[in-house]
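# Examining the three-dimensional arrangement
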Amino acid sequence: MDGPGGAGGESRGDREEAATVVEAEPAVLIAAVVEGAGEAPTAVCCANDRLAVDLIGRAFDAGIRVPDALSVAGYDDIDLASKLRPTLTSVDQPRRDMGALALRQLTDMLAGNPARHEVATPTLVVRESTAQVA
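### What to know about the confidence of the model for the protein chain
- When pLDDT is averaged across the protein chain, the result is 84; 82% of the residues are at 70 or more.
- Scored below 50 in pLDDT, residues 1-12 makes 34 contacts in the model with residues more than four places away or belonging to other chains.

### Some thoughts on the nonpolar core
- With 18 residues, the main nonpolar core has Ile30, Leu55, Ile64, Leu70, Val72 and Leu88 as its most contacted residues.
- Broken down by secondary-structure element, the contributors of at least two residues to this core are helix H1 (26-35) and helix H2 (49-61).
- Not counting residues up to four positions away in its chain, the partners in contact with Ile30 are Leu55, Arg58, Ala59, Ala62, Ile64 and Leu70.

### Notes on the packing of H1 against H2
- Packing of H1 against H2 leaves a shortest axis separation of 10 Å and a crossing angle of 40°. Considering the relative orientation of H1 and H2, their crossing is right-handed. Seen from H1, the contacting residues are Pro26, Ala27, Leu29 and Ile30; seen from H2, they are Asp54, Leu55, Arg58 and Ala59.
- Grouping the amino acids of the contact of H1 with H2 by side-chain chemistry returns 6 nonpolar, no polar and 2 charged.

### Describing the environment of Gln93
- With respect to the secondary-structure elements, Gln93 resides in the loop between strand S3 (89-92) and helix H3 (95-110).
- Only 2.7 Å separates the side chain of Gln93 from the side chain of Asp76, close enough to count as a polar contact.

Cut-offs used in this document
Residues numbered from 1 in each chain as written. Predicted model: local features only at pLDDT ≥ 70, side-chain atom pairs only at ≥ 80, totals over all residues. Heavy atoms only, no water. pLDDT = per-residue confidence, 0-100. Contact = heavy atoms within 4.5 Å. Core = buried A, V, L, I, M, F, W, Y, C linked by side-chain atoms within 4.5 Å. Buried < 20%, exposed > 50% of the residue type's maximum accessible area, 1.4 Å probe, protein only. Helix = DSSP H or I, 4+ residues; strand = E, 2+ residues; numbered from the N terminus. Axes fitted to C-alpha atoms, helices over the stretch in contact; angles between N-to-C directions. Left-handed = near helix turned anticlockwise from the far one by under 90°. Nonpolar A, V, L, I, M, F, W, Y, C, P; charged D, E, K, R; others polar. Polar contact = N/O pair within 3.5 Å; in protein donor to acceptor, adjacent residues only side chain to side chain.

Structural data, given as structure tokens:
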């Protein structure tokens, strides 16, 4: 079978798009895409980039073209995300901001001040592993 960019795999336009949240092992997801089951995913957002990298590798081995037949995104934006082929779409956590917020919260709490709800906003870094939705 061909890997990403090759002739193998199914085109995204051949299936109806639907959003469903599923918790599954990478091998189960790949098997569903290969079999072309009615519930086969067209996109997967992994809990972290390491799982996304594993999923892309398994897709390649099975001849599934990323992102043509399967879009893959991760979370954490590790260094490998920008070096992988295809490069990995990922959510970048503002780690420095999160650390500063945590330190400020801890300092305030130690001073007897009540905790505040603060949010460090993550950023989506779109790369080659996800296809554009028509």
